Amino acid sequence: MRDLFPPLKKPGFGAALGLALGLFAFGPAAEAANPFEMNFWLSGPKYDGRVAPCEAALPTITSQFQEKESTYWNSNLTITGYGDIHETAFRPWESDNIPRRYCSGNVMISDGKLRHVHYSIIEDGGFSGFGQGVEWCVTGLDRNWAYNPNCKAAQP
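A short tour of the structure in this document, coming up. (Residues numbered from 1 in each chain as written. Predicted model: local features only at pLDDT ≥ 70, side-chain atom pairs only at ≥ 80, totals over all residues. Heavy atoms only, no water.)

**Some points on the overall build of the protein**
Scanning the protein for helices and strands turns up three helices and four strands. Ordered by position from N to C terminus, the α and β elements of the protein give α-α-α-β-β-β-β. Here the protein, with 156 residues, has 28% of them falling under the buried criterion. Counting every atom, the protein has about 11300 Å² of accessible surface; 58% of that belongs to carbon and sulfur. (Helix = DSSP H or I, 4+ residues; strand = E, 2+ residues; numbered from the N terminus. Buried < 20%, exposed > 50% of the residue type's maximum accessible area, 1.4 Å probe, protein only. Areas by Shrake-Rupley, 256 points an atom, 1.4 Å probe, with all protein chains shown as cover.)

Here's what the structure looks like:
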């Protein structure tokens with residue numbers, strides 16, 4: 001059988017390890033930040049409430065849908081058209097929350113079926129907080145159940 005820890009059996013190793021750990025124990029204690037450190041350049045987010053209209057997100061949804069279907073589900077489904085796109089809510093919660101515009105509509109999928117799409121456009125919701133982000137769900141094709149049941153979690 002192999003000896004995996006031969007240095008631990010040398011005389012004096014335990015004493016050296018104990019001395020090193022003892023020095024850390026007598027070091028300075030951690031202290032909380034003072035008021036200047038806590039509030040230095042931390043003014044918080046400032047949202048303008050400028051969120052793009054519902055139609056501005058459609059190209060993003062089309063490309064992300066095709067990428068998701070081909071990458072994760074080995075499917076060649078694509079969105080071929082949109083209809084009845086309308087806003088369902090704008091900032092439905094308190095004004096201090098991140099501004100969102102909720103939209104819904106119908107989509108025609110390349111398999112010939114008409115389905116519903118629910119999505120939100122989020123101010124500063126893009127990659128790393130830059131630009132507007134889009135979260136969307138196509139009813140019946142939420143295969144990982146991220147917005148289950150029937151995309152209800154994607155609605156306000």
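**Looking at the pairing of strand 4 (residues 133-138)**
Each regular strand shows side chains that alternate between the opposite faces of the sheet. Within strand 4, five of the six residues are buried, leaving the element largely enclosed by the surrounding structure. Of the strand pairs in this sheet, strand 3 (residues 114-122) and strand 4 are connected by six bridges, and their pairing is antiparallel. Bridge pairing links Val 117 to Val 138 in strand 4. (Pairing = 2+ DSSP bridges.)

**Describing the state of the cysteines**
Counted according to the given criterion, the structure contains two disulfides. For Cys 54, the disulfide goes to Cys 103, at an S-S distance of 2.0 Å. The S-S bond linking Cys 54 to Cys 103 shows a torsion near -75 degrees; that makes this disulfide left-handed. Linking Cys 54 in the loop between helix 2 (35-39) and helix 3 (58-72) with Cys 103 in strand 2 (residues 100-109), this pair joins segments that are 49 residues apart in sequence. Bridging Cys 137 to Cys 151, the disulfide has an S-S length of 1.9 Å. (Disulfide = S-S within 2.5 Å.)

**Considerations on a nonpolar patch on the surface**
A cluster of nonpolar side chains, namely Leu 17, Leu 21 and Phe 24, defines an oily patch on the protein surface of about 360 Å² accessible area. Along the chain, Leu 17 turns up in helix 1 (residues 13-25). What makes Leu 17 partly exposed here is its relative accessible area of 44%. (Patch = residues over 30% accessible without salt bridge, like charges linked within 9 Å, V, L, I, M, F, W, Y side chains within 5 Å. Salt bridge = Lys/Arg side-chain N within 4 Å of Asp/Glu carboxyl O.)

**A short note on the sheet that holds strand 2**
With respect to topology, four strands assemble into an open sheet ordered 1-2-3-4, the strand pairing being antiparallel. Of all strands in the sheet, those bounded by a partner on one side alone are strand 1 (79-90) and strand 4. Taken pair by pair, the neighbouring strands of this sheet meet at an average axis angle of 25 degrees, ignoring direction. (Axes fitted to C-alpha atoms, helices over the stretch in contact; angles between N-to-C directions.)

**Regarding the side chain of Asn 106**
Along the polypeptide, Asn 106 turns up in strand 2. Side-chain polar atoms of Asn 106 contact the side chain of His 116, separated by 2.9 Å. Not counting the four nearest positions on each side in its chain, Asn 106 is found in contact with Gly 81, Tyr 82, Gly 83, Asp 84, Leu 114, Arg 115 and His 116. (Polar contact = N/O pair within 3.5 Å; in protein donor to acceptor, adjacent residues only side chain to side chain. Contact = heavy atoms within 4.5 Å.)

**Structural notes on the side chain of Lys 68**
Examined against the element boundaries, Lys 68 turns out to sit in helix 3. When its relative accessible area of 19% is taken as the criterion, Lys 68 is described as buried. Apart from residues lying up to four places away in sequence, Lys 68 is in contact with Trp 73, Trp 136 and Leu 141.

**Notes on unusual backbone geometry**
Cis rather than trans, the peptide bond between Asn 148 and Pro 149 has omega equal to -5 degrees. Tracing the backbone through its elements, the reader meets Pro 149 in the segment after strand 4. Phi is positive for Arg 91, which is not a glycine, with a value near 50 degrees. Note on placement: Arg 91 falls in the loop between strand 1 and strand 2. Residue Arg 91 is classed as partly exposed on the basis of its relative accessible area of 28%. For Cys 151, which is not glycine, the phi dihedral falls at a positive 65 degrees.

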